Amino acid sequence: MRKRLAQFRKLGRTPDHKWAMLRNMVTSLIKHERIVTTLPKAKELRFLADKIIGYAKKDSIHGRQLALRIVREKPAVTKLFEVLGPRYEERSG
């Protein structure tokens, strides 16, 4: 079944390459808080970044484990839960 992959743009890459690229981009976004990329990649990254920020807003052990599956570096996950999660806690979405 291809239900999950149908939601994303292809971006001219294989699904494994695309997933690796999005994981790297979300890690860089957390680390630097701003990245330069193309518009289609940014639109795909927005879905993943919103999901990760949602985990950080809840601040649970399970949310941290789910974030560690996607974000590649532990210091980035620490920053996500200690800095970015509380920053966006009041914001809906």
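Residues numbered from 1 in each chain as written. Predicted model: local features only at pLDDT ≥ 70, side-chain atom pairs only at ≥ 80, totals over all residues. Heavy atoms only, no water.

Draft legend 1. Up close: the packing of helix H2 (residues 39-58) against helix H3 (residues 61-70). Between H2 and H3, the least distance of the axes is 9 Å, while the angle of their chain directions is 150 degrees. Considering the angle they form, H2 stands roughly antiparallel to H3. For H2 against H3, the interelement crossing comes out left-handed. Across from Leu-48, Ile-52 and Tyr-55 in H2, the residues of H3 making contact are Gly-63, Leu-66, Ala-67 and Ile-70. (Axes fitted to C-alpha atoms, helices over the stretch in contact; angles between N-to-C directions. Helix = DSSP H or I, 4+ residues; strand = E, 2+ residues; numbered from the N terminus. Parallel < 35°, antiparallel > 145°, perpendicular 65-115°, else oblique. Left-handed = near helix turned anticlockwise from the far one by under 90°. Contact = heavy atoms within 4.5 Å.)

Draft legend 2. Just the pattern of salt bridges, in detail. On inspection of all chains with the given rule, the structure shows four salt bridges. Glu-33 is the salt-bridge partner of Lys-79, the closest N and O atoms lying 3.1 Å from each other. Separated by 46 residues along the polypeptide, Lys-79 in helix H4 (residues 74-87) and Glu-33 in the loop between helix H1 (15-32) and H2 bring together distant segments of the chain. Note on Glu-33: relative accessible area 37%, which makes it partly exposed. With a closest N to O distance of 3.1 Å, Glu-33 and Arg-87 form a salt bridge. Taken as a pair, Glu-33 in the loop between H1 and H2 and Arg-87 in helix H4 lie far apart in primary sequence, 54 residues in all. Within this structure, Glu-33, Lys-79 and Arg-87 form a network of salt bridges that share partners. (Salt bridge = Lys/Arg side-chain N within 4 Å of Asp/Glu carboxyl O. Buried < 20%, exposed > 50% of the residue type's maximum accessible area, 1.4 Å probe, protein only.)

Draft legend 3. The packing of H3 against H4, seen in detail. Axis separation between H3 and H4 bottoms out at 10 Å; the angle between their running directions is 135 degrees. If you check the angle between H3 and H4, you find them oblique. When the axes of H3 and H4 are compared, the crossing they make is right-handed. Across from Gly-63, Arg-64, Ala-67 and Leu-68 in H3, the residues of H4 making contact are Lys-74, Val-77, Thr-78, Leu-80 and Phe-81. Taken together, the residues that form the contact of H3 with H4 break down as five nonpolar, two polar and two charged. (Nonpolar A, V, L, I, M, F, W, Y, C, P; charged D, E, K, R; others polar.)

Draft legend 4. Seen up close, the side chain of Lys-57. Within the fold, Lys-57 resides in helix H2. Glu-89 is the oppositely charged side chain nearest to the buried, salt-bridge-free Lys-57, at an N-O distance of 8.3 Å. A polar atom in the side chain of Lys-57 sits 2.7 Å from the backbone oxygen of Arg-91. (Lys, Arg positive; Asp, Glu negative; His and termini not counted. Polar contact = N/O pair within 3.5 Å; in protein donor to acceptor, adjacent residues only side chain to side chain.)

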